[in-house]
Amino acid sequence: MNIEIVEKADHLKLIEVWEASVRATHDFLAEDDLQELKPLILEQYFDAVDLRCAKNSNGEIQGFCGVHDGNIEMLFISPDARGKGIGAMLAAHAIKEQGASKVDVNEQNEKALGFYQHIGFKVIGRSPVDGQGKPYPLLHMAL
């Protein structure tokens, strides 16, 4: 598995990985909210972060991570690649190479919460809504 800087040409593949991952892990997210987020991520959010992706030996993107201002803003793994250490590898890279020390996690995403706690993050705060003002509480975590 190689971690590489994401090229603009990879964004359409990233949004596919994002949607598949969200559908597999964010069962609390309403379909309308998912559809509202999709173009924002593709057209704005990808460009606002330092994006890295994990590619397998065939050059296929298995997951990606975006960091901005010391915060892991996005970390998504293809459902068929989950549980293989790709998320941990991307998170470790984000911490060591991109200076990440914070992350916000949807409170309802218990697996993500457990993942970040397992790699050393601790909950330091909570917001009752997400970044779009939707009723999806966020837990603020830091190393």
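Residues numbered from 1 in each chain as written. Predicted model: local features only at pLDDT ≥ 70, side-chain atom pairs only at ≥ 80, totals over all residues. Heavy atoms only, no water.

## Considering the domain arrangement of the protein chain
Part 1 of the argument: The domains assigned to the protein chain are domain 1 (1–100) and domain 2 (101–142).
Part 2 of the argument: Each partner contributes to the interface: domain 1 provides 21 residues, whereas domain 2 provides 15 residues.
Part 3 of the argument: Taking both sides of the interface into account, the surface hidden between domain 1 and domain 2 amounts to around 1400 Å²; carbon and sulfur atoms contribute 52%.
Part 4 of the argument: Interface area lost by domain 1 to domain 2 is led by Phe28, Asn71 and Ile72, which between them contribute 34%. (Domains from an automatic or database assignment. Contact = heavy atoms within 4.5 Å. Buried area = accessible area lost by both parts, 1.4 Å probe.)

## Considerations on helix α1 (residues 11–25)
Count 3.6 residues to each turn of an α-helix, and residues three or four apart come out pointing the same way.
Part 1 of the argument: With 15 residues, α1 should cover 21 Å at 1.5 Å per step; its first-to-last C-alpha distance of 21 Å lies within 8% of that length.
Part 2 of the argument: His11, Leu14, Ile15, Val17, Trp18, Glu19, Ser21 and Val22 are the residues of α1 that are buried.
Part 3 of the argument: For α1, the secondary structure elements touched by its buried residues are α2 (31–45), β2 (50–55), β3 (61–68) and β4 (71–77). (Helix = DSSP H or I, 4+ residues; strand = E, 2+ residues; numbered from the N terminus. Expected span 1.5 Å × (residues − 1). Buried < 20%, exposed > 50% of the residue type's maximum accessible area, 1.4 Å probe, protein only.)

## Remarks on the packing of aromatic side chains
Part 1 of the argument: Inspection of the entire model under this criterion finds six aromatic pairs.
Part 2 of the argument: A centroid spacing of 6.4 Å and a plane angle of 70° characterise the contact between Trp18 and Phe76, whose relative ring orientation is edge-to-face. Here Trp18 is found in helix α1, whereas its partner Phe76 is found in strand β4, with 58 residues between them in sequence.
Part 3 of the argument: Consider the rings of Phe115 and Tyr116, whose centres lie 5.0 Å apart with planes at 75°: the pair is edge-to-face.
Part 4 of the argument: Ring pairs connect the aromatic residues Trp18, Phe46, Phe64 and Phe76, which therefore count as one cluster. (Phe/Tyr/Trp six-rings, centres within 6.5 Å; stacked < 30°, edge-to-face > 60°.)

## A closer look at the sheet that holds β2
Part 1 of the argument: The strand order β1-β2-β3-β4-β5-β7-β6 describes an open sheet built from seven strands, whose pairing is mixed. The open sheet has two free edges, formed respectively by β1 (2–5) and β6 (122–127), since each of these has just one partner strand. Pairs of neighbouring strands in the sheet enclose a mean axial angle of 30°, with direction left out of account.
Part 2 of the argument: Where strand β5 (residues 102–106) meets strand β7 (residues 138–142), five bridges bridge the pair, whose relative direction is antiparallel. Paired with Val105 across the two strands is Leu139, which belongs to β7.
Part 3 of the argument: In this fold α1 packs onto β2, β3 and β4, with an angle of close to 95° to the strand it touches most, β3. (Pairing = 2+ DSSP bridges. Axes fitted to C-alpha atoms, helices over the stretch in contact; angles between N-to-C directions.)

## Brief notes about the state of the cysteines
Part 1 of the argument: Tallying each qualifying case throughout the model produces zero disulfides.
Part 2 of the argument: Distance from the sulfur of Cys53, which forms no disulfide, to the nearest cysteine sulfur (Cys65) is 11 Å.
Part 3 of the argument: Residue class for Cys53 comes out buried when judged on its relative accessible area of 0%. (Disulfide = S-S within 2.5 Å.)

## So, unusual backbone geometry
Part 1 of the argument: The backbone of Asp69 sits at a positive phi, close to 55°, despite the residue not being glycine.
Part 2 of the argument: For Asp69, the location among the structural elements is in the loop between β3 and β4.

## Focus on the pattern of salt bridges
Part 1 of the argument: Within this structure, the stated rule accounts for ten salt bridges.
Part 2 of the argument: Among the salt bridges present, the one from Arg126 reaches Glu107, with a minimum N-O distance of 2.7 Å. Pair noted here: Arg126 is in strand β6 and Glu107 is in the loop between β5 and α4 (110–118), with a separation of 19 residues, a long-range link.
Part 3 of the argument: Glu107 gets classed as partly exposed once you look at its relative accessible area, which sits at 28%.
Part 4 of the argument: Salt bridges here are not isolated pairs; linked through shared partners, they connect Glu19, Arg23, Glu31 and Lys38. (Salt bridge = Lys/Arg side-chain N within 4 Å of Asp/Glu carboxyl O.)

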